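Spelled out, the chains give:
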Amino acid sequence: MILEFNGLGKRFEEAQSPAHVALRGIEIRVDSQEFVAFVGASGCGKSTLLRIVCGLERPSEGSVQLDRRPVSGPTPDVAMVFQDPRLMPWLNVRENIRLALLKLPRYEQDARIDAALAKVGLAEFAAALPRHLSGGMAQRAALARALVRRPAILLLDEPFAALDSFMRMKLQDHLGELWRHEKFTALFVTHDAEEAVILSDRVVVMRSRPGRIDREIAIDLPRPRIRTSPEVQALKEEIIGALHLS
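Below is a short write-up of the structure. (Residues numbered from 1 in each chain as written. Predicted model: local features only at pLDDT ≥ 70, side-chain atom pairs only at ≥ 80, totals over all residues. Heavy atoms only, no water.)

1. Focus on helix α5 (residues 165-182)
Move 1: With 18 residues, α5 ought to run about 26 Å at 1.5 Å a step, and its terminal C-alpha atoms sit 25 Å apart, in line with that.
Move 2: Every buried residue of α5 is accounted for by Met167, Arg168, Leu171, Gln172, His174, Leu175, Gly176, Leu178 and Trp179.
Move 3: In this fold, the buried residues of α5 make contact with β3 (35-39), α3 (106-119), α4 (135-147), β7 (153-157), β8 (185-189) and α6 (193-199).
Move 4: Capping the start of α5 is the job of one residue whose side-chain oxygen sits 3.1 Å from the backbone nitrogen of Phe166: Asp164.
Move 5: Where α5 terminates, the next one or two residues include Lys183, which has phi positive at roughly 60°. (Helix = DSSP H or I, 4+ residues; strand = E, 2+ residues; numbered from the N terminus. Expected span 1.5 Å × (residues − 1). Buried < 20%, exposed > 50% of the residue type's maximum accessible area, 1.4 Å probe, protein only. Contact = heavy atoms within 4.5 Å. Polar contact = N/O pair within 3.5 Å; in protein donor to acceptor, adjacent residues only side chain to side chain.)

2. Section: the packing of aromatic side chains
Move 1: A complete count under the given rule lists 3 aromatic pairs for this structure.
Move 2: Seen in terms of ring centroids, Phe35 and Phe188 are 5.9 Å apart; in terms of plane orientation they differ by 40°. Their pairing is tilted. With Phe35 in strand β3 and Phe188 in strand β8, this residue pair connects regions lying 153 residues apart in the sequence.
Move 3: Taking the centre distance of 6.1 Å and the plane angle of 50° together, the rings of Phe160 and Phe188 count as tilted. In this pair, Phe160 sits in the loop between β7 and α5 while Phe188 sits in strand β8, placing the two residues 28 residues apart along the sequence. Phe188 matches Phe160 in its accessibility class, with the two residues each being buried.
Move 4: Members of the aromatic cluster, each reached through a chain of ring pairs, are Phe35, Phe160, Trp179 and Phe188.
Move 5: In this structure, Lys10 is placed above the aromatic ring of Phe12, and the distance from its NZ or CZ to the ring centre is 5.1 Å.
Move 6: Cation over ring: Arg86 sits above Phe82, and NZ or CZ is 3.8 Å from the ring centre. (Phe/Tyr/Trp six-rings, centres within 6.5 Å; stacked < 30°, edge-to-face > 60°. Lys NZ or Arg CZ within 6 Å of the ring centre and 35° of its normal.)

3. Observations regarding the sheet that holds strand β5 (residues 69-70)
Move 1: One open sheet accounts for 4 strands, arranged β2-β1-β4-β5; its pairing is antiparallel. Each edge of the open sheet is held by one strand with a lone partner, namely β2 (17-30) and β5.
Move 2: Relative to β2, strand β1 (residues 3-14) runs antiparallel, the two being bridged by 8 bridges. Opposite Lys10, over in β2, you have Leu23 as the bridge partner.
Move 3: The strands touched by helix α1 (residues 46-53) are β1, β2 and β4 (61-66); relative to β1, the strand with the most contacts, the crossing angle is about 110°. (Pairing = 2+ DSSP bridges. Axes fitted to C-alpha atoms, helices over the stretch in contact; angles between N-to-C directions.)

4. What to know about the packing of α4 against α5
Move 1: Where α4 contacts α5, the axes come no closer than 11 Å and their chain directions differ by 20°. Between α4 and α5, the crossing angle belongs to the class labelled roughly parallel. The crossing of α4 and α5 is right-handed. Counting all contacts with α4, which are made through Gly136, Gln139, Arg140, Leu143 and Leu147, the residues of α5 involved are Met167, Leu171, His174, Leu175 and Leu178. (Parallel < 35°, antiparallel > 145°, perpendicular 65-115°, else oblique. Left-handed = near helix turned anticlockwise from the far one by under 90°.)

5. Some details on the sheet that holds β7
Move 1: Read across the sheet, 6 strands follow the order β6-β7-β8-β3-β9-β10 without closing on themselves; strand pairing throughout is mixed. Each of the sheet's edge strands pairs with one partner strand only, and the pair in question is β6 (78-81) and β10 (212-218). Across this sheet, the average inter-strand angle for adjacent strands is 20°, counted without regard to direction.
Move 2: Of the pairings in the sheet, the one linking β3 to strand β9 (residues 202-207) comprises 4 bridges and is parallel in character. Bridge pairing links Val36 to Arg202 in β9.
Move 3: Each of β3, β6, β7, β8 and β9 is contacted by α1, which is oriented at about 150° to β7, the strand it contacts most.

The following block contains the structure:
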């Protein structure tokens, strides 16, 4: 499924205040099964961009199109993972994942949930409540809830930002394996230049006031990628340099 941004802009109108222009003139195409990372300073519109793609916000100008069909609201083709896992505290892991499947027959729900739990390594914790999960486990549960719908496009808004460095690297590797196996398109927002290099095919550097695309950096390295390799470190420094100039 091809995702296209055509002159996308977003303004937030506030009473008795000038309008805040969050995004202006976004032009980019994301091909099917591509992994694209978006980096930039806080307030440059990265999260707003994802919210428009998943139908939670409407653009003020321009459009987002999925296979040439304008996005006008939430669609089963698109799922989103937030920085906060957003699990219902009174439901166990299995029932939290079930929330994404309520329109399906019960037997199909159960089959999909079992498969999703196995993919994220939480089969043994299906009956656990969120308060009994570590931060990494809770985020894996949120990832399973998003993937269980089998979306063509997965949006990830800084999903590992709140985790310690060891768990963040572990989940980066796990997400990369899921992407290679499940073959979804991924749009990934991060402030971590190394994370962007490890995971993505392309890094989009954004500028703020208003939010816009500054440049794109291709990550033409074989997978899996070695964090300490000179090639990864060189691309990391290139991204950091671009962020300082943006």
